Amino acid sequence: MKDRSLRAAARLLALLAASALVAGCSSLNPFSRKGPQIAPLPPLVSPVEVTIAAQTKVGSSEGLFLTPVVLDDEAIVAGGDGRVLRWNGGVRWEAKLEEGIIAGVGADERLAVVVTRKGDAVALAVGDGAVRWRHPLKADVITPPLVAGGLVVVRTADHRLIALDARDGKERWVYQRNLPPLSLRQSAPLVSAGNAIVAGYPGGIIAVLDPRSGAPLFELTVASPKGATEIERLTDVVGPPLVARQEVCAAAYQGRVACFDGRTAETLWAKDLSSRTGIDRDYRYVVVTADNDDVVALDAYSGKEQWRTGGFSWRLLTRPLILGDWVLVGDREGYVHALDRNDGRIRGRVRVGSGPILVEPKSIGPNRAVVQNTDGTVVIVEVH
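If you're wondering where the values come from, they're calculated on a predicted model, not measured in any experiment.

Caption draft 1: Structural view of the packing of aromatic side chains. With the rule as written, the count across this model stands at 1 aromatic pair. Lying across the ring of Tyr201, Arg155 places its NZ or CZ 4.6 Å from the centre. Seen from the ring of Tyr201, Arg177 lies directly overhead, with NZ or CZ sitting 5.3 Å from the centre.

Next up, the structure:
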């Protein structure tokens, strides 16, 4: 039981280290010379070219989960210093918020929303970057806002959901639920799916909410907490739940990957597999970054394991992105790795600055992805 608790603590500290929150306890700190050491770069098989097609800089986001958002073939990116850019190799517009930015970006075709270090939600016009409104949240926020269906929904660090009217920023509703005493400090993106808002929670739960009122419609259990200690029982849904073909899929830390029928809430399949960052899926695979930094492909219809790629231990890989024939993951040394989607072979890589990559690459077109690291480097990566 003691060994199990130590392993669970080590995995937890690995996640906290990725968020620049590790302190003390060097024996379990993955950045400590005495602790687990980062794996060397694994060899490439039948190498392909991975290049940087365009590059820019925004302010450092050290310790933050600042996330680019893609609209058509352009990205909106934010830096911790308060700069927000609409960019695709060239800058369409740039805005500057003097108080700095702590969370973002969320956007639809009209508004791009960030949260400042003062705790204000700020909505910018997608067309020209002009400030449309501000709303004081008076809360710590690390997750990008959801902008959809006439709402801006902000998730606070204590997992409250605050819904604002997209027209003027006025508060519409607040949703809060009881939580276990211990949870991961992670970006937990929200998802809009038809007439519902889908949110993953500590305790292995997905809540499906009515966007008109914030009232819960139903819940799905990805995994149930197990163990004698609070660290062992830590079972957070990680990454955004993925909704496609009337199915909802998600992963839980120290739990499972599971897919549900979104109409009946019936479990379609579940696979015991722990993740720190989450999943991506297409019509064929659900791809998972496991908590030991293996990348694992599961059959999207049965959950049966199709391939597994190791060699990334303690590189603290991001959530994967399925990009056509490729799976992209970032790591704590600033590398983006390209795996063959069909068999998991590591085919290429490129380095994006020197800072860790905490947020997964975002697709911006065929074989192209936007990547942002914590030193403020933003690039468009191409796989050839």
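Caption draft 2: Structural view of the sheet that holds strand S28 (residues 335-340). Reading across from one edge, S26-S27-S28-S29 is the order of the 4 strands in this open sheet, with antiparallel pairing throughout. Each having just a single partner strand, strand S26 (321-323) and strand S29 (346-351) make up the two edges of the open sheet. Strand-to-strand twist in this sheet, taken as the mean axis angle between neighbours without regard to direction, amounts to 25°. Pairing of S26 with strand S27 (residues 326-330) involves 3 bridges; the strand directions are antiparallel. Across the sheet, residue Ile322 finds its bridge partner in S27, namely Val327.

Caption draft 3: Broad picture of the state of the cysteines. Applying the stated criterion across every chain, the model contains 1 disulfide. Here Cys249 engages in a disulfide with Cys259; their sulfurs sit 1.9 Å apart. Note on the Cys249 and Cys259 pair: the S-S dihedral is about 110°, so by sign convention the disulfide is right-handed. In this pair, Cys249 sits in strand S19 (residues 247-252) while Cys259 sits in strand S20 (residues 256-261), placing the two residues 10 residues apart along the sequence. What makes Cys249 buried here is its relative accessible area of 0%. Given the relative accessible area of 0%, Cys259 is considered buried.

Caption draft 4: Representation of the sheet that holds strand S24 (residues 295-299). Reading across from one edge, S22-S23-S24-S25 is the order of the 4 strands in this open sheet, with antiparallel pairing throughout. Of all the strands in the sheet, just strand S22 (275-281) and strand S25 (305-309) have a single pairing partner and so form its edges. Neighbouring strand axes in the sheet, compared pairwise and without regard to direction, differ in orientation by 15° on average.

What counts and how
- Residues numbered from 1 in each chain as written.
- Predicted model: local features only at pLDDT ≥ 70, side-chain atom pairs only at ≥ 80, totals over all residues.
- Heavy atoms only, no water.
- Phe/Tyr/Trp six-rings, centres within 6.5 Å; stacked < 30°, edge-to-face > 60°.
- Lys NZ or Arg CZ within 6 Å of the ring centre and 35° of its normal.
- Pairing = 2+ DSSP bridges.
- Helix = DSSP H or I, 4+ residues; strand = E, 2+ residues; numbered from the N terminus.
- Axes fitted to C-alpha atoms, helices over the stretch in contact; angles between N-to-C directions.
- Disulfide = S-S within 2.5 Å.
- Buried < 20%, exposed > 50% of the residue type's maximum accessible area, 1.4 Å probe, protein only.

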